Amino acid sequence: TQLLEQSPQFLSIQEGENLTVYCNSSSVFSSLQWYRQEPGEGPVLLVTVVTGGEVKKLKRLTFQFGDARKDSSLHITAAQPGDTGLYLCAGTPGTYKYIFGTGTRLKVLA
Amino acid sequence: NAGVTQTPKFRILKIGQSMTLQCTQDMNHNYMYWYRQDPGMGLKLIYYSVGAGITDKGEVPNGYNVSRSTTEDFPLRLELAAPSQTSVYFCASTRGLGNTIYFGEGSWLTVV
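Source: prediction; values computed, not measured.

Colleague: Let's hear about the overall build of chain A: which residues, and what values?
Modeller: Looking only at helices and strands, chain A features zero helices and eleven strands. For 110 residues, the compact-globule formula gives about 13 Å, and the C-alpha radius of gyration of chain A, at 13 Å, lands near that figure. Taken along its principal axes, the extent of the C-alpha atoms in chain A is 40 × 30 × 20 Å. Out of the 110 residues in chain A, the part that is buried amounts to 42%. Within chain A, counting contacts between residues at least 6 apart in sequence, those at least 24 apart form 54% of the total. Accessible area of chain A: about 5100 Å², with a carbon and sulfur share of 50%. Chain A carries 10 positive and 9 negative side-chain charges, and their two centres are separated by 4 Å.

What follows is the structure in structure tokens.
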């Protein structure tokens, strides 16, 4: 059973377009994190959200934690080819386990 | 600034062979994790540890074993390798929940 479902699974867009990636669960998380992974490397942390309803911005990336702390979204404005990669959400559902989402593979075409 | 170091980087195993993936971290982190990642997919938790002498199963523990005799080291043992264990394995550590998870560079394992 996958506790963290991401959608869409794949996304191919043109440079300059906007996009949103979703991370959903039926479990409550004390915090959620977003990572980006490039081919041949381990994931790298983008942001951590800890409070229900929290919104964080990182340049063109906007992250939101759902009010009930069961879901999160990542919005990218004016995507660039450098944004290409695998985006992963991760969290701990009340235990010490860090569970990762199913992943969203983004390709931004120049 | 080594961070999380895992070895080997690449390995080919024959069906039924056994091997150990080594993982060490120099950040004095209590929490350590082993994940596997199949092509194009997310990471699945195999085992984790919250401190020396304490380990627990993750989402996909079958066919694997771990030990945590020191804070620094968290080796993953594959017994009787099967083709289904062909994957990329990542070791990771963190200071605590909600903190950054640091990953090793990955170990590419092929079972033939």
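Let us keep going from here.
Colleague: If you had to explain the environment of Ala82 of chain B to someone new, which residues and values would you point to?
Modeller: With respect to the element layout, Ala82 of chain B can be found in the loop between strand 8 (76–78) and strand 9 (87–94). Sequence separation between Ala82 of chain B and Val111 of chain B is 29 residues, and the spatial gap between their C-alpha atoms is 6.2 Å.

Colleague: Please give an account of the nonpolar core that cites residues and values.
Modeller: Note on soluble globular proteins: their nonpolar side chains tend to be buried together. Of all hydrophobic cores here, the largest spans 20 residues; its most connected members are Leu19, Trp34, Leu74, Ile76 and Leu106 of chain A. Elements that contribute at least two residues to this core include exactly strand 3 (19–24), strand 4 (32–37), strand 5 (44–49), strand 7 (61–65), strand 8 (71–76), strand 9 (85–91) and strand 11 (104–109) of chain A. When near neighbours in sequence (up to four residues on either side) are disregarded, Ile76 of chain A contacts Glu17, Asn18, Leu19, Arg60, Leu61, Asp83, Tyr87 and Leu106 of chain A. Leu13, Met19, Tyr64 and Leu109 of chain B belong to the second-largest nonpolar core, a separate cluster that totals 19 residues.

Colleague: So what's going on with the interface of chain B and chain A? Residues and values would help.
Modeller: On the chain A side, the residues contacting the 26 residues of chain B number 25 residues. Both sides of the chain B and chain A interface together cover about 1900 Å² of buried area, and 59% of this is carbon and sulfur. Of all residues in chain B, Leu43, Leu97 and Ile101 of chain B bury the most surface against chain A, accounting for 23% of the area lost on that side. In this structure, the connection of chain B to chain A is made through zero salt bridges. Remark: the boundary between chain B and chain A carries seven residue pairs in polar contact (both at pLDDT 80 or more). Those elements that place two or more of their residues in the side of chain B that touches chain A are strand 4 (31–37), strand 5 (43–51), strand 9 and strand 10 (101–103) of chain B. Per element, the largest residue contribution to the side of chain B that touches chain A is five residues, and it comes from strand 5 of chain B. Taken together, the residues that form the side of chain B that touches chain A break down as 13 nonpolar, nine polar and four charged.

Colleague: Give me the pattern of salt bridges: which residues, what numbers.
Modeller: Under the defined criterion, the tally for this structure stands at six salt bridges over all chains. The partner of Arg36 of chain A in a salt bridge is Glu38 of chain A, with the nearest N and O atoms 3.3 Å apart. Accessibility expressed as a relative area gives 22% for Arg36 of chain A, which makes it partly exposed. Residue Lys9 of chain B is joined to Glu105 of chain B by a salt bridge in which the shortest nitrogen-to-oxygen separation is 3.8 Å. Linking Lys9 of chain B in the loop between strand 1 (4–7) and strand 2 (10–13) with Glu105 of chain B in the loop between strand 10 and strand 11 (107–111), this pair joins segments that are 96 residues apart in sequence.

Criteria and cut-off values
Residues numbered from 1 in each chain as written. Chains lettered and ligands numbered in written order. Predicted model: local features only at pLDDT ≥ 70, side-chain atom pairs only at ≥ 80, totals over all residues. Heavy atoms only, no water. Helix = DSSP H or I, 4+ residues; strand = E, 2+ residues; numbered from the N terminus. Rg over C-alpha atoms; globule rule 2.2 N^0.38 Å. Buried < 20%, exposed > 50% of the residue type's maximum accessible area, 1.4 Å probe, protein only. Contact = heavy atoms within 4.5 Å. Areas by Shrake-Rupley, 256 points an atom, 1.4 Å probe, with all protein chains shown as cover. Lys, Arg positive; Asp, Glu negative; His and termini not counted. Charge placed at Lys NZ, Arg CZ, Asp CG, Glu CD. Core = buried A, V, L, I, M, F, W, Y, C linked by side-chain atoms within 4.5 Å. Buried area = accessible area lost by both parts, 1.4 Å probe. Salt bridge = Lys/Arg side-chain N within 4 Å of Asp/Glu carboxyl O. Polar contact = N/O pair within 3.5 Å; in protein donor to acceptor, adjacent residues only side chain to side chain. Nonpolar A, V, L, I, M, F, W, Y, C, P; charged D, E, K, R; others polar.

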